[in-house]
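# Observations on the three-dimensional arrangement
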Amino acid sequence: MNKIQKIRLFFYLKLFSNKLVKTPRGKKVFTSLWHAAWLEKKYAEKNEPIIKKYEKYDRFSTDLLVNFLWFFPIGTMRIIQNNEEIGLPVLNDFRIKKVWENDTRISEVTLLTVKKRFRNTLNIPLFFLMKGLYRISKERKNEGLLVAADKRLLFVLKRIGLPFEAIGPGVFYEGSITIPAYISFSGLEEKISRKNPWFARFLSIKKSR
C-alpha cells in the first residue's frame, strides 16, 4: 500500500462507525435496511414473508449497524447464537458436515448488507462489520462461526483474509446459489495476520512473528 492509498484509507476510516441495535427504533431501521438490500439483490420477493422468518431468531440475536458520519445507517449484520430452542438458519436449512465440537459455542452471521453506493468504498463498511463480529465472538468465547453465503460474498470474505471453508454443497437459497461455510477461531489471529496484516491491525490483532 503506497502513501496515497494509506492517506485515503485513513480518511475513509474516520467516516464510519459501528452501533449495536438496542431500541425499537434502531430495530426498525435495521430491518428496513437489510430488507431493502435483499429486495434489490433479488434475495427475496416483495410479498415474501422473509422478515417473519428472521424475526423468530430475535431473542438469540445481536444486531449491528455500520453508520456513515456516525448518524446515517448504511449496513447491517446479525449474529445469532446457537440455541436448543430453534437452532440456526444454516443448521435448519442445509445439509452440512459438522466440523466443530461444542454446539453451544458457535454462532451464525447473517443479514450482512451494505448500501449499494458504499459497496466499493475500499470495503470499509464491511471491515467495520467484521470488526464488530470479531469483538462480539471473542467476548462470547465462541469456537467458530457459520455463514450461508452467496458465492460472491464468500469470495469477498476470503479475499479480505477470513478463511471460511465450505461444509456442504451449494444450493439455490433465498435468491442465489448459496454455500454453507464455517470459520474456526482456533489459530484465526495468526492466519489473518499472515493473509492481511492491515486487516489484522484494524481488528486489533497483533501481527504474528
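The coordinates are above.
Residues numbered from 1 in each chain as written. Predicted model: local features only at pLDDT ≥ 70, side-chain atom pairs only at ≥ 80, totals over all residues. Heavy atoms only, no water.

### Things to note about the pairing of strand E2 (residues 61–68)
Where burial is concerned, most of E2 is hidden: seven out of the eight residues are buried. As paired elements, E2 and strand E3 (residues 72–81) share eight bridges and run antiparallel to each other. Each bridged residue has a counterpart across the sheet, and for Leu-64 the counterpart in E3 is Met-77. Linkage of E2 to E3, two consecutive antiparallel strands, is achieved through a turn of three residues, within which Leu-69 is found at a positive phi near 55°. (Buried < 20%, exposed > 50% of the residue type's maximum accessible area, 1.4 Å probe, protein only. Helix = DSSP H or I, 4+ residues; strand = E, 2+ residues; numbered from the N terminus. Pairing = 2+ DSSP bridges.)

### A word on the packing of aromatic side chains
Taken as a whole, this structure holds 14 aromatic pairs when the rule is applied. Cluster of aromatic residues (ring-pair linked, three or more members): Phe-16, Phe-68, Phe-118, Phe-127, Phe-128, Phe-199 and Phe-202. Sitting above the plane of the Phe-202 ring, Lys-131 keeps its charged end 4.8 Å from the centroid. (Phe/Tyr/Trp six-rings, centres within 6.5 Å; stacked < 30°, edge-to-face > 60°. Lys NZ or Arg CZ within 6 Å of the ring centre and 35° of its normal.)

### Quick notes on helix H5 (residues 124–139)
With 16 residues, H5 extends 23 Å from end C-alpha to end C-alpha; this agrees with the ideal 22 Å at 1.5 Å per step. Of all the residues in H5, the buried ones are Ile-124, Pro-125, Leu-126, Phe-127, Phe-128, Leu-129, Met-130, Gly-132, Leu-133, Tyr-134, Ile-136 and Ser-137. Lys-141 sits one or two positions beyond H5 and adopts a positive phi of about 55°. (Expected span 1.5 Å × (residues − 1).)

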